[in-house]
Amino acid sequence: MYDPVHLRTFLAVAQTLSFTQAARRLTLRQSTVSQHVRRLEAATGRALFTRDTHSVELTEDGEAMLGFARSILEAHERASAFFAGTRLRGRLRFGASEDFVLTRLPEILETFRHEHPEVDLELTVELSGTLHQQLADGALDLVLAKRRADDRHGEMVWRDEMVWRDELTWIGAPGLRLEQGRPVPLILYPPPGITRARALDVLERQGRAWRIACTSGSLNGLLAAARAGLGVMAHARGLMPPGLVRVRGGGLPELGAVDFVLLEGRHRRAGTQEAARALATAILASGDRLRSRG
């Protein structure tokens, strides 16, 4: 009922919210992209986008189609590989940010390894800023991480409340209270942590004094400090760790939104492109599982 080609085009438009950018990504004419979307809308009998000369937005039916499209494409690719008798092979260097340590990402990777046993999967867990640099240097093939506020590269992983973004928030131990006139005790990743940079930037712009109570390159290290009540840390609301709560009051400024994305490397080695795309498809199809257990 739904042509996989049309579904891929739909996802590209949904991720970029631009027919022009989707056409560039897919190396198609813009008229072809529009035609694919129209045919998919005809097949569903629903409008998937609202668009005018200035903007493109998903309709409620378009939001619903996102999950269906990813699941259909994942099943289509698995069936095609099975009946074609082809098996993915090679070495895939995958980097995931510390943010996903407490999520169900290991289960997704386990399933991928079971379905593609001849792919040698190498996992690197690091700060998002470090992973971006390693990807640019050709040391990684696929990265799952936060992206900087001024960056528009990568495929969005999951959405929050019908919006393709998550929110950074201040978290700390239950009962933690901050005094308005005292420096904010911060629990931070070291540079080049993206949440570190955001937290310091919003405090500086507010003119709020701060001090570093703990620094650790490990999420577990930061969580131990936060649970001990040493201070507050900036963290994605959709990945809220167990045992911690949102810290309100105390004059803390808003931290704003953050995007979690998948990025594929440009320095591709033979045999890795198909494996990278297969893992990216699996992660995108399981995006809602990438929430903290807590």
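Residues numbered from 1 in each chain as written. Predicted model: local features only at pLDDT ≥ 70, side-chain atom pairs only at ≥ 80, totals over all residues. Heavy atoms only, no water.

Colleague: So what exactly am I meant to see when it comes to helix α7 (residues 194-206) here?
Modeller: Side chains three or four residues apart in an α-helix point the same way, a direct result of the helix having 3.6 residues per turn. Between its terminal C-alpha atoms α7 stretches 19 Å, which fits the 18 Å expected from 13 residues at 1.5 Å a residue. Of the positions making up α7, those classed as buried are I194, T195, R196, R198, A199, L200, V202 and L203. Count one or two residues on from α7 and you reach G207, which has phi positive near 75°. (Helix = DSSP H or I, 4+ residues; strand = E, 2+ residues; numbered from the N terminus. Expected span 1.5 Å × (residues − 1). Buried < 20%, exposed > 50% of the residue type's maximum accessible area, 1.4 Å probe, protein only.)

Colleague: Before we go on, may I ask you to explain the nonpolar core in this structure?
Modeller: One broad rule of soluble globular proteins: the nonpolar side chains tend to lie buried together. If you look at the biggest cluster of nonpolar residues, it comprises 41 residues, and the most contacted ones within it are F94 and W170. In contact with F94, not counting residues within four places along its chain, are L105, L109, L121, E122, L123, T124, L140, L142, V143, L144, L279 and I283. One finds A14, L48, F49 and A69 within the second-largest nonpolar core, a separate group that totals 20 residues. (Core = buried A, V, L, I, M, F, W, Y, C linked by side-chain atoms within 4.5 Å. Contact = heavy atoms within 4.5 Å.)

Colleague: Please explain the pairing of strand β3 (residues 90-97) as it appears in this structure.
Modeller: Within a regular strand, the side chains alternate between the two sheet faces. The buried fraction of β3 amounts to six of the eight residues, a majority that puts the element mostly inside the structure. Inspection of the sheet shows β3 paired to strand β4 (residues 119-126) by eight bridges, in the parallel sense. Looking across to β4, one finds that L92 is bridged to L121. Chirality of the crossover, the property in question, places the unit of β3, helix α5 (residues 105-115) and β4 among those that are right-handed. (Pairing = 2+ DSSP bridges. Right-handed = clockwise from strand over helix to strand, strands pointing away.)

Colleague: What is the right way to look at the pattern of salt bridges in this model?
Modeller: A side chain with one charge may pair with a side chain of the opposite charge, provided their charged atoms come close. Under the definition given, this model contains 13 salt bridges. Linking R277 and E155 is a salt bridge whose minimum nitrogen-to-oxygen distance equals 2.7 Å. Residue R277 is found in helix α9 (residues 273-285), and its partner E155 is found in strand β6 (residues 155-156); the two are separated by 122 residues along the sequence. The class of R277 is partly exposed, set by a relative accessible area of 27%. Overall, the relative accessible area of 15% leaves E155 in the buried class. A salt bridge links R246 to E167, with the nearest nitrogen and oxygen atoms 3.5 Å apart. Within this pair, whereas R246 is found in strand β11 (residues 245-246), its partner E167 is found in strand β7 (residues 166-172), the two being separated by 79 residues in sequence. (Salt bridge = Lys/Arg side-chain N within 4 Å of Asp/Glu carboxyl O.)

Colleague: Help me out: how do you make sense of the pairing of strand β5 (residues 142-147) in this one?
Modeller: For β5, a buried count of six out of six residues is recorded, marking the element as mostly surrounded by other parts of the structure. Strand direction decides the pairing type here: β3 and β5, joined by three bridges, are parallel. Bridged to G95 within β5 is V143. Pairing geometry for β5 and strand β12 (residues 257-264), over six bridges, is antiparallel. Residue pairing for β12: R147 is matched across the bridge by D259.

Colleague: Mind showing me how you'd approach unusual backbone geometry here?
Modeller: Trans is the prevailing form of peptide bonds, just as negative phi is the prevailing case for residues other than glycine. Going from P191 to P192, the amide bond is cis rather than trans, its omega being 5°. Assignment of secondary structure puts P192 in the loop between β8 (184-188) and α7. One non-glycine residue, L17, lies in positive phi territory at about 50°. Relative to the helices and strands, L17 resides in the loop between α1 (4-16) and α2 (19-26). What makes L17 partly exposed here is its relative accessible area of 33%.

Colleague: Help me out: how do you make sense of the packing of α1 against helix α3 (residues 30-44) in this one?
Modeller: How two helices pack is summed up by the angle between their axes together with the distance between the axes. Interaxial distance between α1 and α3 falls to 9 Å at its minimum, and their mutual angle equals 110°. Looking at the two axes, α1 sits roughly perpendicular to α3. α1 and α3 meet at a crossing whose hand is left-handed. Each of V5, H6, L7, T9, F10 and V13 in α1 lies in contact with α3, whose residues at this interface are V33, H36, V37, R39 and L40. (Axes fitted to C-alpha atoms, helices over the stretch in contact; angles between N-to-C directions. Parallel < 35°, antiparallel > 145°, perpendicular 65-115°, else oblique. Left-handed = near helix turned anticlockwise from the far one by under 90°.)

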